[in-house]
Amino acid sequence: MADAITPRSEDYSQWYHDVVRHARLADYSPVRGCMIVRPNGYALWENMQAGLDGMFKATGHRNAYFPIFIPQSFLAREAAHVEGFAKECAVVTHSRLKVGDDGTLDVDPESKLEENLIVRPTSETIVWDTYSKWIQSWRDLPILLNQWNNVVRWEMRTRLFLRTMEFLWQEGHTAHATRDEAMEETLRILDIYATFAEDWMAMPVIKGVKSAAERFAGADETFCIEALMQDGKALQSGTSHFLGQNFARAFNCQFQNRDNELEYVWATSWGVSTRLIGALVMVHSDDRGLVLPPKLAPTQAVIVPIYRSDEDRVAVLEAASVVESKLRASGIRVELDAREGFRPGWKFTEHEVQGVPVRLAIGPRDVANRTVELARRDGGEKQSVPVDGIVASVQEALDSVQFGLFEKALAHREANTTSVDSYDDLRGVLDDKGGFVRMHWDGTSETEARIKDETKATIRCIPLEGYEEDGVDPVSGRPSRGRVLYARAY
RNA sequence: CGGGGUGUAGCGCAGCCCGGUUAGCGCGCCUGCUUUGGGAGCAGGAGGUCGCGAGUUCGAAUCUCGCCACCCCGACCA
């Protein structure tokens, strides 16, 4: 742990990697492209799950579970969907191994499956096959389900949390009687994602619509939240899809409406993944390690006792555990780090690397003065606060860190969002400054593809707010209805 | 799949070009003592199929051939 974290200015992606490893969020696995989520990382995920799950439930959704294996033929049912996912599916072809005479292990050719199974890259197909059996009448609608699970997409290049072959996520799948209702649901979830990102993760996001090229395979419309990382690259942090009747048609899912007519069901699907952990790291952390927003931090406050003699030790631990009890009773996630054999300075650094928002140190001097030393992870000065008001002091510090992180990230995004009116300026800003670039777009895939090809930047989204403005696409010279957000992205 | 690189202790590396005692170093780990208000010091100790397989040689981590794995850069992507 003593080895240093590469500074952001030197090598941003190495820095990201160092922070993830030093904070013990994840490890590489023996299988290329997969990761082992360590307790620190998983605790973060559990807190994210808790926050999101509460919001899903509050809007009428229920959790369910669909199987990890999907018949290969299902994937082929929806044309755009198969096109989008066929190239990255893990396929199960056999059901057993055979131990040879020499002890070697091999696939038993006798066990070949009648039909291949694919490991789900997402579950639309199996969900809609199921919904087609559940839905007959308008009275069966809507269906509002979510599932927390893992999916596999056989990626070429991977990075811990940001892109792994297997990842954890939630996928919501809803079925509706009308187009409007499905669209309303799509946007409701988008709002939940944006609220979660901003209020819990302290990460400002732009809500928008994807261009046709960036749309989910099988969707009529993909909505997204886009965030800006510290290095000026964008990260798609959540998507909510209006699927129209595409999957209902593919799986023959019809219902009888109030007028006794058969209609295809309207669908949505939506998801956020452990990629959010990567976003959290890239938005807030610094050269000393992880920085976590208090609302998601597994440990919100850590107490480090400091002592020399045995008498001091007894008195300090006594005082520390009183503080611990008070904080815990008030609902703060607190940890008393009373481990022997680690010096205080070592503990300070360790908790700092792991992003604990507030650190309290208690030594003999504090015991004598009935005070505690309080230090904020986001860089504020250390201060001495009285034990008597410790709950209020810590709560205030936590609130202040949560707010401060959001404000800082927002200021960074504002400072790195640039409006341009020429292709040269777009290139210039992308190369020299990075960030989001607002520019007019004629709405064609040709223009978008040309820009992507020549600059590596993509249209991150057509923002839902502040988009409309008549103008001219500087690349094609054709008229434009508004400015879209260009950026290089993860 | 194309281009480049690396495989030696848990991690990071040296040694290889020019073959030759018992394969080293830093960090980490174990034991003991001293320490403890920002990653402690000293002493002792454990830990190795040198990626795998052939070959050359009296002798291979080192030379030759083959294979494998991983990393970086590109095309694909939540």
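Residues numbered from 1 in each chain as written. Chains lettered and ligands numbered in written order. Predicted model: local features only at pLDDT ≥ 70, side-chain atom pairs only at ≥ 80, totals over all residues. Heavy atoms only, no water.

One open sheet holds the five strands; their spatial order is β18-β17-β19-β20-β21, and the pairing between them is mixed. Of all the strands in the sheet, just β18 (334-336) and β21 (383-386) have a single pairing partner and so form its edges. Neighbour to neighbour, the strand axes of the sheet diverge by 30 degrees on average, direction disregarded. Taken together, the four bridges between strand β19 (residues 358-362) and strand β20 (residues 371-376) define a ladder with antiparallel strand orientation. From the neighbouring strand, V358 faces β20, where its bridge partner is R376. (Pairing = 2+ DSSP bridges. Helix = DSSP H or I, 4+ residues; strand = E, 2+ residues; numbered from the N terminus. Axes fitted to C-alpha atoms, helices over the stretch in contact; angles between N-to-C directions.)

Turning next to the domain arrangement of chain A. Per the domain assignment, the segments of chain A are domain 1 (12-284), domain 2 (301-396) and domain 3 (417-487). Taking only C-alpha atoms into account, the centre of domain 1 sits 28 Å from that of domain 3. Facing the 19 residues of domain 1 at the interface are 16 residues of domain 3. Carbon and sulfur atoms make up 63% of the area that domain 1 and domain 3 hide from each other, which totals about 1,300 Å². On the domain 1 side of the interface with domain 3, the three residues burying the most area are V209, S211 and E214, jointly 30% of the side's total. Viewed at the interface, domain 3 and domain 1 are joined by two salt bridges. We note a salt bridge from E226 to R460, for which the minimum N-O separation is 3.1 Å. For the side of domain 1 that touches domain 3, the secondary structure elements donating two or more residues are α6 (179-200), β11 (206-209), β12 (221-228) and β13 (234-244). (Domains from an automatic or database assignment. Contact = heavy atoms within 4.5 Å. Buried area = accessible area lost by both parts, 1.4 Å probe. Salt bridge = Lys/Arg side-chain N within 4 Å of Asp/Glu carboxyl O.)

The next point concerns the protein's contact with RNA strand B. Around RNA strand B there are 34 residues in total, and R157, R163, Q236, R275 and R308 lie nearest to it. In RNA strand B, atoms within 4 Å of the protein come from the sugar-phosphate backbone in 42% of cases. The contact in question runs from a base nitrogen of RNA strand B to an N or O atom on the side chain of W346, over 3.0 Å. Between a base nitrogen of RNA strand B and a side-chain N or O atom of K382, the distance comes to 2.7 Å. When contributions to the surface near RNA strand B are tallied by element, the ones reaching two or more residues are α10 (344-353), β19 and α11 (364-369). Among the elements that line the surface near RNA strand B, the one with the most residues is α10, at seven residues. In terms of residue class, the surface near RNA strand B is made up of twelve nonpolar, six polar and 16 charged. (Near = heavy atom within 4 Å. Polar contact = N/O pair within 3.5 Å; in protein donor to acceptor, adjacent residues only side chain to side chain. Nonpolar A, V, L, I, M, F, W, Y, C, P; charged D, E, K, R; others polar.)

Here the focus is helix α9 (residues 310-329). For α9, built from 20 residues, the straight-helix expectation of 28 Å at 1.5 Å per residue is met to within 8% by its first-to-last C-alpha distance of 28 Å. Buried residues of α9: V316, L317, A320, V323, E324 and L327, and no others. Each buried residue of α9 sits inside an arc of 130 degrees when the element is viewed along its axis, so together they form one side. Along α9, exposed side chains directed more than 90 degrees from the buried face belong to E311, V314 and A329. Close packing links the buried residues of α9 with β17 (301-305), β18, β19, α11, β20 and α12 (390-415). (Expected span 1.5 Å × (residues − 1). Buried < 20%, exposed > 50% of the residue type's maximum accessible area, 1.4 Å probe, protein only. Arc of directions from axis to C-beta.)

Bringing the pattern of salt bridges into the picture now. By the definition in use, this model includes 31 salt bridges. As a salt-bridge pair, D286 and R377 come within 2.8 Å of each other at their nearest N and O atoms. Of this pair, D286 sits in the loop between α8 (275-284) and β17 while R377 sits in the loop between β20 and β21; the two residues are 91 residues apart in sequence, bridging distant segments of the chain. The buried category is assigned to R377, whose relative accessible area is 8%. Of the charged contacts, one joins R328 and E324 as a salt bridge, the two residues approaching to 3.1 Å between their closest N and O atoms. Taken together, the residues span about one helical turn, with R328 and E324 both in helix α9 at a distance of four residues.

A word on the layout of surface pockets. Looking at the largest pocket, its volume works out to about 1,500 Å³. When grouped by side-chain class, the residues that make up the lining of the largest pocket number twelve nonpolar, 16 polar and 14 charged. Taken together, domain 1 (12-284) and domain 3 (417-487) each give at least three residues to the lining of the largest pocket, which thus spans both. (1 Å grid on protein atoms, 1.4 Å probe; cavity = no way out; pocket = protein on both sides within 12 Å on 5 of 7 lines; lining within 4 Å. Points joined across faces, edges and corners; volume = space filled by probe spheres on them.)

Glancing now at the packing of aromatic side chains. The full count for this structure, using the stated rule, is 14 aromatic pairs. Where Y12 meets W15, the ring centres are 5.0 Å apart and the plane angle is 40 degrees; that geometry is what we call tilted. With a gap of three residues between them, Y12 and W15 both fall in helix α1 (residues 12-22), about one helical turn apart. Take Y12: its relative accessible area is 11%, and that puts it in the buried class. According to the relative accessible area criterion, W15 is buried, its value standing at 0%. Among the aromatic residues, those joined into a ring-pair cluster are W45, F56, W148, Y193 and W270. Over the ring of Y490 we find K233; its NZ or CZ atom is 4.4 Å from the centre of that ring. (Phe/Tyr/Trp six-rings, centres within 6.5 Å; stacked < 30°, edge-to-face > 60°. Lys NZ or Arg CZ within 6 Å of the ring centre and 35° of its normal.)

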